[in-house]
Amino acid sequence: MYLYLQNVPLTGRLPRDIGRFGGRLNALNLAGNRFTGAIPSSISNLTSLSELNLAGNFLTGKFPLGIRNLTNLETLDLQNNQLARSIPEIFSSLTRLRYLRLSGNNFTGKIPNSISSLSPNLEYLELARNSLTSQIPSFLGSFHSLDTMNLAWNNLTGPVPKSFKNLTKIFNLDLSHNSLVDPFPVMNVMGIETLDLSYNKFHLGRIPDWASSSPILYSLKLAKCGIKMNLTNWRPQQTYFYDYLDLSENEIWGSPVWLLNQTDYLVGFWASGNKLSFDLRQMRIVGTMKDLDLSRNSIYGGVPSSVAGLRNLNVSWNHLCGRLPPTKFPASSFEGNKCLCGSPLQPCK
């Protein structure tokens, strides 16, 4: 009834007669192996499946049309393969689906209209890292059970549908690395955990209030979103649980010191290409922090010894001065600061 063979790793092609289990098999999970070739058409005979997970293999060919026969499916996961061409209009018969994960393939064309049939039950929709085109369909705003929507790294265009204001229960939204344009709708989320709108064609002006007011936000990524504001005056509802904050390539000025000094779990802070101005020595670097990029700003003062514990550091092209503490970072992490000295830069006089 259940066949789980994840991460073995098995190789070769999937058996052509994999459908011989007929109506007996409830779950088929072959994720994280090294299967190649097309998904066999006989998979359409597995009509009792509630879970089909073939993620993380090297499967090629088209999306199998026979999946439309698997009307009991609750989980369909084909992500991180090499499937290609368009995603077919087969979802009208899959109304029990709760998890749809097709990210990391080579799918082209638009998001299928038949996905609208999944609105009552779908909780996870992940179509990232494909080559999908056209606009985001407005029907996605009616998915009231949706927890996670990831459409990042596609070629989607046009504005985000106004209907997104109805996604009151969504916790994770990633629309980054597309060609989406203004206006971005004001959302009525009860609380969002992760938000990434980076690298589109937005001109948000400021960090959205509906994101700032979330009491559970831990990852906020708004790189190159046309934000023009004084970070000193930004007052989110909470900062304590922030793990990741990316505000790179905007026009933000002021100081993030007050913000960073109130976080105890921050892992990454990226703010390159802004107009920040503050004394770097006043910034507390917590033990959890691994990545810090403050390059191309107007930051002054010296480099504190606490940066030695970071995994990645870039403070290049600022106004820093003085002797560098011992670190493992290359000269490129510090270049463009006229009076920094010491290894790996020139010796101090």
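Nothing here was measured: the structure is a model prediction, and the numbers come from that model.

Brief notes about the overall build of the protein chain
Tallying secondary structure elements over the protein chain gives 2 helices and 28 strands in all. Going through the 349 residues of the protein chain one by one, you find that 54% of them count as buried. For the protein chain, restricting intrachain contacts to residue pairs at least 6 apart in sequence, the fraction spanning at least 24 positions comes to 40%. Accessible area for the protein chain stands at about 15300 Å²; split by element, carbon and sulfur atoms hold 50% of it. Positive and negative side-chain charges in the protein chain, numbering 32 and 22 respectively, have mean positions lying 5 Å apart.

Notes on the state of the cysteines
Taken as a whole, this structure holds 2 disulfides when the rule is applied. The side chain of Cys-321 participates in a disulfide bridge whose partner is Cys-339; the two sulfur atoms lie 1.9 Å from each other. Taking the torsion about the S-S bond as the criterion, the Cys-321 to Cys-339 disulfide, at about -140 degrees, is left-handed. Of this pair, Cys-321 sits in strand β27 (residues 319–323) while Cys-339 sits in strand β28 (residues 339–341), placing them 18 residues apart in sequence. With relative accessibility at 37%, the residue Cys-321 sits in the partly exposed group. The partly exposed category is assigned to Cys-339, whose relative accessible area is 36%. Note that Cys-341 is cross-linked by a disulfide to Cys-348, the S-S spacing being 1.9 Å. An S-S torsion of about 95 degrees defines the bridge between Cys-341 and Cys-348 as right-handed. Judged by relative accessible area, which is 21%, Cys-348 ranks as partly exposed. Listing the disulfide partners of the protein chain by sequence rank of the bonded cysteines yields 1-2, 3-4.

A word on the sheet that holds β27
The parallel open sheet is built from 3 strands, whose spatial order is β25-β27-β28. Pairing within the sheet leaves two strands with one partner each, and these edge strands are β25 (300–301) and β28. With 2 bridges connecting them, β25 and β27 associate as parallel partners. For Tyr-300, the partnering residue across the bridge sits in β27 and is His-319.

Considering the layout of surface pockets
When its volume is computed, the largest pocket comes out at roughly 190 Å³. Taken together, 14 residues form the lining of the largest pocket, with Asn-172, Asp-174, Thr-194, Asp-196 and Ser-219 sitting closest to its centre. When the residues that make up the lining of the largest pocket are grouped by side-chain class, the tally is 5 nonpolar, 5 polar and 4 charged.

Examining the environment of Leu-294
In this structure, Leu-294 sits in the loop between β24 (291–293) and β25. Classification of Leu-294 as buried rests on a relative accessible area of 0%. Residues Leu-294 and Leu-231, spaced 63 residues apart in sequence, show a C-alpha to C-alpha distance of 14 Å. Filtering out sequence-adjacent residues up to four positions away, Leu-294 remains in contact with Phe-269, Ala-271, Ser-272, Phe-278, Leu-280, Met-283, Ile-299, Asn-314, Val-315 and Asn-318.

Quick notes on the UniProt feature "domain: Disease resistance R13L4/SHOC-2-like LRR" (unreviewed entry) in the protein chain
UniProt tags residues 61–222 as "domain: Disease resistance R13L4/SHOC-2-like LRR" (unreviewed entry). Helix makes up 2% of residues 61–222 and strand makes up 22%, while its end C-alpha atoms are separated by 35 Å.

Remarks on the packing of aromatic side chains
Applying the stated criterion across every chain, the model contains 11 aromatic pairs. Between Tyr-240 and Tyr-265, the ring centres sit 5.3 Å apart and the planes meet at 90 degrees, which makes this aromatic pair edge-to-face. Here Tyr-265 lies in the loop between α2 (257–260) and β22 (268–270) and Tyr-240 lies in the loop between β19 (228–230) and β20 (244–246), a separation of 25 residues in the sequence. The exposure class assigned to Tyr-240 is partly exposed, which follows from its relative accessible area of 36%. Linked through ring pairs, Phe-63, Phe-91 and Phe-107 together constitute an aromatic cluster. One residue, Arg-101, lies across the ring of Tyr-124, its end atom 5.0 Å from the ring centre. The ring of Tyr-244 has Lys-221 sitting right over it, with the charged end atom 5.5 Å from the ring centre.

Reading the values: the criteria
- The numbers attached to residues start from 1 for each chain and follow its sequence in the written order.
- Thresholds applied to this predicted model are a pLDDT of at least 70 for local features of residues and 80 or more for the giving and counting of side-chain atom pairs; totals over whole chains, interfaces and linings are not thresholded and use all residues.
- Side-chain measures here rest on the full set of heavy atoms in the structure, leaving out hydrogens and waters.
- Every helix listed is a DSSP run of H or I at least four residues long, and every strand listed is a run of E at least two residues long, numbered separately from the N terminus.
- Accessible area is worked out with a 1.4 Å probe on protein chains only. A residue is then buried under 20% of its type maximum, exposed over 50%, and partly exposed in between.
- We call two residues contacting when some pair of their heavy atoms lies within 4.5 Å.
- Calculation of accessible area relied on Shrake-Rupley with a 1.4 Å probe; when residues are assessed, cover is drawn exclusively from the protein chains displayed.
- The charge count includes Lys and Arg as positive and Asp and Glu as negative, but it does not include His or the ends of the chains.
- Where a charge lies is defined by one atom per residue type: Lys uses NZ, Arg uses CZ, Asp uses CG and Glu uses CD.
- Two cysteine sulfurs form what is called a disulfide whenever their separation falls within 2.5 Å.
- At least two DSSP bridges between two strands are required for those strands to pair.
- The distinction between a cavity and a pocket rests on a 1 Å grid over the protein atoms alone: a 1.4 Å probe fits inside a cavity but cannot get out, while a pocket stays open yet meets protein on both sides within 12 Å along at least five of seven lines, and a residue with an atom within 4 Å of a point counts as lining.
- Grid points are joined across faces, edges and corners, and a volume is the space filled by probe spheres set on the points.
- Charged residues are taken to be Asp, Glu, Lys and Arg, nonpolar residues to be Ala, Val, Leu, Ile, Met, Phe, Trp, Tyr, Cys and Pro, and polar residues to be all remaining types, Gly included.
- UniProt positions are given in the numbering used here, feature names are shortened, and annotations may be inferred rather than shown by experiment.
- In this scheme Phe, Tyr and Trp rings, the latter by its six-membered ring, pair at centre separations within 6.5 Å, and the angle between planes marks the pair as stacked below 30 degrees, edge-to-face above 60, and tilted otherwise.
- Here, a charge over a ring means that NZ of Lys or CZ of Arg falls within 6 Å of the ring centre while also lying within 35 degrees of the ring normal.

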